[in-house]
Structures are given as C-alpha cells and as structure tokens.
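A look at the structure
Now for the letters of each chain:
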Amino acid sequence: MATTAPVHPVDEVPPVRQLAVFGLQHVLAMYAGAVAVPLIVGSAMKLSAADLAYLITADLLVCGIATLVQCVGFWRFGVRLPIMQGCTFAAVSPMVLIGTTGGGLPAIYGSVIVAGLAIALLAPVFGKLLRFFPPLVTGTVILIIGVSLLPVAGNWAAGGQGAKGFGEPKNLALAGFVLLVVLGVQRFAPAFLSRIAVLIGIVVGLAVAVPFGFTDFGGVGDADWLGISTPFHFGTPTFHASAIASMLVVALVTMTETTGDLIAVGEMTDRRVEPRTLADGLRADGLSTVLGGVFNTFPYTAYAQNVGLVGMTRVRSRWVVAAAGGILVLLGLLPKLGAVVAAIPAPVLGGAGLVMFGTVAASGLKTLAQVDFKGNDNLTVVAVSVAVGMLPVGVPTIYAQFPDWFQTVMNSGISAGCLTAIVLNLLFNHLPGKAGSPAKAAGPDEASVTA
C-alpha cells in the first residue's frame, strides 16, 4: 500500500479561514514599519499629501508582491520560507540625502534599481558565505535583531516617535493592556486562538482605544477606493554616481540583515537555510528592489518583526505569509482598506510588539544554548558583538561625525553586530593561535552548518 511522504510544516496549506486570519496578523505586525519609510522620505522632501498617499499605496503593493515572490518563489527566486518583505530602514538616510540634494525621486529610483540588480548578482556570493554563520554567529545575530527592535516597540507603546503626548501614562497603559491580553490568550485560550493572540490583542486594544479617543477613522472617508501604481510615476529614473554608490552600501547592509533573518526563520521552522536557498532569498530581495525602483517605492528586505511572530505563534506555513502578501496587494490597490489599518494607534502595536520582538531575542538565546562556552573565547565573541550592535541603538548619534558610508553600515545595529560576530569568530576560532588554541572548540558549531 502506497504511503505519501509527510508534508513539512513550512509547506502545509492551512484552511482558507486560518490563512486569512493568520495572514492578517502578519500584516498588522508589519504595517506600521512598512508605511514608515515612505512617510519619512516623503515628508523630508516636503511632498504633497496626495504624493505621500501615492508612495504609501505603491509601497504596500510592492510589499505584497515581494512577499509572494519570497514565500511562493519561482525558478531561483525566493527562499520559500515564511518571510514578510518590507522597505528597509537602512536606506532612509541616504534616500533623504539623495532626494533633497541630489536629484529628487528620479535619482532615488535610479540608484534603487541599480542596487537591486547588484543584490541579484551578488546573491550567489553571499550564499557561499553561509559557512561563516555557525550557531555562535547566528545565535548572536538573532539576539541582536530582537534586542535592537525592542526600542521600536517602546516608541510605539509611548505613542509613536514625535507624537503629541508621547510617553503619557494612558499610552503606556493601553500598551500594557494589549500585552496582558496577548499573554492571557496565549496562556489560557484554545490552541487555534492562542496562535492568533497578537491579532486578538490588537483587535481588543483597538476596541478599547476608539471610545477613549486614541484614534478615529476620519481618514477612511477621505481615502480613495481604488489606487493603481504606474511605473515611473514621478518621472524617468536618473543615474548619479554618488547616489548609486551610497545605495550600493545600503545593498550590502540589507543583504547582511536579510541573511540573519533568513537563518533565524530557518532555525524556527526546522528548515535549515542552505547556501543555495540563501542565494535564492537574496535574489528575490534584488528583484523586489528593482520592482521598487520601477513602481515608485524603495529597497526591500526581510522584516524581523514577522520573524518574531513566526517564533511566537509556531505557525510555520509559508502559505500563511503568502496570504499576508495577498492582503498587502489588496491594501495597495484599495487605499480605503489601508486607511482602516492605518487607524490602529501606536500603543496598541507597541503592546504586541514587546512580545514579538522579545521572542526574536529569546530565539537567539535558544540558538546560543547549542554553543560550547567552556575553555574557549566564544563568550567574548557574543559579548563584544552584542555590545557593538547595541551602540547605535542606545546612542543613535554615536557615528554622526563619521563618513556617510560608515554611518550607513554601522548605524544599523544588526549589520554592525553581524559583521563583528563574523570577524571575531574567525579571529578566535579559525585563525591559528596559541598552543591549546580554543579554535578547536568551534568545530561542532561549524560542522552543524557545513554538514
């Protein structure tokens, strides 16, 4: 009697109802971050309200397409893991500089297209670097990703950076209430409900927020029903050497961050990322970034907040995140729906974010638990890497006097910590050392990756 091979949880297709609910949860987890980049860049360039709205709908549309490419995949594009895609914050400062002094949006989009092509071409090279990511490095990077996101949740909980009444007790009380709802549902509710604890927390938090005046839905009535992004809406891209150079640095940073995120999701879903699949995931990033330049938006990368959601809910199906990509496409085509989601107040997202981002950090600790810390310098590798990664998080202006390219790399705590972990692992565990060198202690870690 023929038997069918068991389906890996990553490839399972849940019922349609669960796909929709779990997918919506992923959308709500990343929505604030997704729209923040076009808002920051557009506001810095003093664009009109109509142009800002256009940037946001274009961004949501390409976010959805990029997520579908990453999760579903075709040919050698897409890691085929539950990965949400969104605009990278690493590009914000360079894009603002290009947009305000170096040629406006056409110059931004020209540099974005070139950066996307570079990412696609360099993807196989990065894939071969996977052997430099043993559990010592990956655990450290995942820990840094989680801890560096916590201030984002803190800003949301306080009301949103720059918001009137930032830090008022009522904002923190609402965030705390949402956090308690999420924890309560996860602990006491049936299995299915516990997996959508974040969604329930956001819905309950929104229901409480409306009568207390935290938000209103006035913007929904002003939003259009249909919005279609057309290629090169803001003009034909222009190509400036300085703009391209700065965006290529951003490309290297985003590739490093995406590598950490893909490895983290691979650990959480029990589908280890191999050199080929890493290259496929980065190649999808490159394609999405090219599409961003064509369809009036920005560079794309994996979103770490959704990595935390995968770890917290233990829903590993890539089709759930593909459903989230479909929802983002709808939001990009139907601005009125996007306005409804945008009405969710920041403290509600902050309460949920504390759980999700903390989950990422805890996953890093879980990976580090596999590492041998006896009789070697592995503890030093973790300590210094985390310290370097947290410097720009704790002191955002620490590198303000350095060149722009240096700031682009080091102002991202994730890329700074990742590069430090790789270099220190090579220094202490691979280079020839003193007699009885602890380099031998890294053997099991490396074997587990290269096997």
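Keep in mind that this is a model prediction, so the values were computed, not measured.

Conventions adopted
- Residues numbered from 1 in each chain as written.
- Predicted model: local features only at pLDDT ≥ 70, side-chain atom pairs only at ≥ 80, totals over all residues.
- Heavy atoms only, no water.
- Helix = DSSP H or I, 4+ residues; strand = E, 2+ residues; numbered from the N terminus.
- Contact = heavy atoms within 4.5 Å.
- Phe/Tyr/Trp six-rings, centres within 6.5 Å; stacked < 30°, edge-to-face > 60°.
- Buried < 20%, exposed > 50% of the residue type's maximum accessible area, 1.4 Å probe, protein only.
- Axes fitted to C-alpha atoms, helices over the stretch in contact; angles between N-to-C directions.
- Left-handed = near helix turned anticlockwise from the far one by under 90°.
- Nonpolar A, V, L, I, M, F, W, Y, C, P; charged D, E, K, R; others polar.
- Core = buried A, V, L, I, M, F, W, Y, C linked by side-chain atoms within 4.5 Å.
- Patch = residues over 30% accessible without salt bridge, like charges linked within 9 Å, V, L, I, M, F, W, Y side chains within 5 Å.
- Areas by Shrake-Rupley, 256 points an atom, 1.4 Å probe, with all protein chains shown as cover.
- Salt bridge = Lys/Arg side-chain N within 4 Å of Asp/Glu carboxyl O.
- pLDDT = per-residue confidence, 0-100.
- Expected span 1.5 Å × (residues − 1).
- Arc of directions from axis to C-beta.
- Parallel < 35°, antiparallel > 145°, perpendicular 65-115°, else oblique.

**Quick notes on the side chain of T256**
Following the sequence through the fold, T256 ends up in helix α10 (residues 241-269). With residues up to four places along the chain from it excluded, the contact list for T256 reads F126, S415 and C418.

**Points about the packing of aromatic side chains**
Counted under the stated rule, the structure contains seven aromatic pairs. Here F74 and F77 contribute two aromatic rings whose centre-to-centre distance is 5.1 Å and whose plane-to-plane angle is 20°, an arrangement assigned as stacked. In this structure F74 comes out as partly exposed when scored by relative accessible area, which is 41%.

**Quick notes on the environment of M410**
Summarising the element assignment, M410 is placed in helix α17 (residues 404-410). Here the alpha-carbon distance between M410 and I65, two residues 345 residues apart in the chain, equals 30 Å.

**Structural notes on the side chain of S415**
Inspection of the secondary structure assignment puts S415 in helix α18 (residues 413-429). The contact partners of S415, leaving out residues within four places of it in the chain, are V253, T256, E257 and V409.

**Here we look at unusual backbone geometry**
Here W75, not a glycine, exhibits a phi torsion of approximately 45°, which is positive. Mapped onto the elements, W75 comes out in the loop between α2 (49-71) and β1 (85-87). A relative accessible area of 68% places W75 in the exposed class. The phi dihedral of R80 falls on the positive side, at around 60°, and the residue is not glycine. Here R80 shows up in the loop between α2 and β1.

**Notes on helix α12 (residues 304-313)**
Because the α-helix completes a turn every 3.6 residues, residues three or four places apart line up on one side. Burial within α12 is extensive, with nine of its 10 residues counted as buried. For α12, every residue scored as buried is listed here: A304, Q305, N306, V307, G308, L309, V310, M312 and T313. A positive backbone phi angle near 60° is found at R314, which sits one or two residues after α12.

**Here's the deal with the environment of G413**
Relative to the helices and strands, G413 is located in helix α18. Classification of G413 by relative accessible area gives buried; the value is 8%. Put simply, G413 and V355 are 58 residues apart on the chain and 20 Å apart in space, counted from C-alpha to C-alpha. In this structure, G413 is in contact with I144, G389 and P392, ignoring residues within four places of it in sequence.

**What about the packing of helix α1 (residues 16-44) against helix α13 (residues 318-333)?**
Put simply, α1 and α13 touch, their axes get as near as 7 Å, and they point 65° apart. For the pair α1 and α13, the sense of crossing is right-handed. Along the contact surface, α1 presents L19, A20, F22, G23, L24, H26, V27, M30 and Y31, while α13 presents W319, V320, V321, A323, A324, I327, L328 and L331. Residue classes in the contact of α1 with α13 are distributed as 15 nonpolar, two polar and no charged.

**Observations concerning the nonpolar core**
The biggest cluster of nonpolar side chains holds 111 residues, and the ones touching the most others in it are M95, I108, V198, I202, M247, F298 and L328. Apart from the residues lying within four places of it in its own chain, the contact partners of L328 are V27, M30, L60, L61, C63, G64, T67 and M84. In this structure, L136, A361, V381 and V382 belong to the second largest nonpolar core, which totals eight residues.

**Some remarks on a nonpolar patch on the surface**
Side chains of L122, V125 and L252 sit close together on the surface and give an oily, nonpolar patch of about 240 Å² of accessible area. Turning to its location among the elements, L252 is positioned in helix α10. The exposure class assigned to L252 is partly exposed, which follows from its relative accessible area of 45%.

**Focus on the confidence of the model for the protein chain**
When the pLDDT values of the protein chain are averaged, the result is 83; 91% of them are 70 or greater. By mean pLDDT, helix α19 (residues 443-450) is the weakest element of the protein chain at 40, and helix α11 (residues 275-294) is the strongest at 93.

**Focus: the environment of V21**
As for its position among the elements, V21 is in helix α1. Considered as a pair, V21 and A323 are 302 residues apart in the sequence and their alpha carbons are 9.2 Å apart. Apart from residues lying up to four places away in sequence, V21 is in contact with I196 and L199.

**With respect to helix α6 (residues 169-188)**
With 20 residues, α6 should reach 28 Å at 1.5 Å per residue; the first-to-last C-alpha distance of 28 Å fits that figure. N171, L174, A175, V178, V181, V182 and V185 are the residues of α6 that are buried. Angularly, the buried residues of α6 cover 115° about the axis, an arc narrow enough to put them on a single face. Turned more than 90 degrees off the buried face of α6, the exposed positions are P169, L180, R187 and F188. Where α6 is buried, its residues meet α5 (135-157), α7 (191-195), α8 (197-209), α12 and α15 (346-368).

**So, the pattern of salt bridges**
Evaluated as defined, the whole model comprises six salt bridges. Ionic pairing is found between D270 and R316, a salt bridge with its closest N-O pair at 2.9 Å. Placement of the pair is D270 in the loop between α10 and α11 and R316 in the loop between α12 and α13, with a sequence separation of 46 residues. Beyond isolated ion pairs, a larger network of salt bridges with shared partners links D11, R271 and R318.

**Regarding the packing of helix α4 (residues 104-128) against α11**
Packed helix pairs are characterised by how far apart their axes lie and by the angle those axes make with each other. At a closest axis distance of 7 Å, the pairing of α4 and α11 adopts a crossing angle of 175°. In terms of their interaxial angle, α4 and α11 are classed as roughly antiparallel. Between α4, through Y109, V112, I113, G116, L117, I119, A120, A123, P124, F126 and G127, and α11, the contact on the second element is made entirely by P275, L278, A279, L282, R283, D285, G286, T289, V290, G292, G293 and V294. For the contact of α4 with α11, a count of residues per class yields 15 nonpolar, six polar and two charged.

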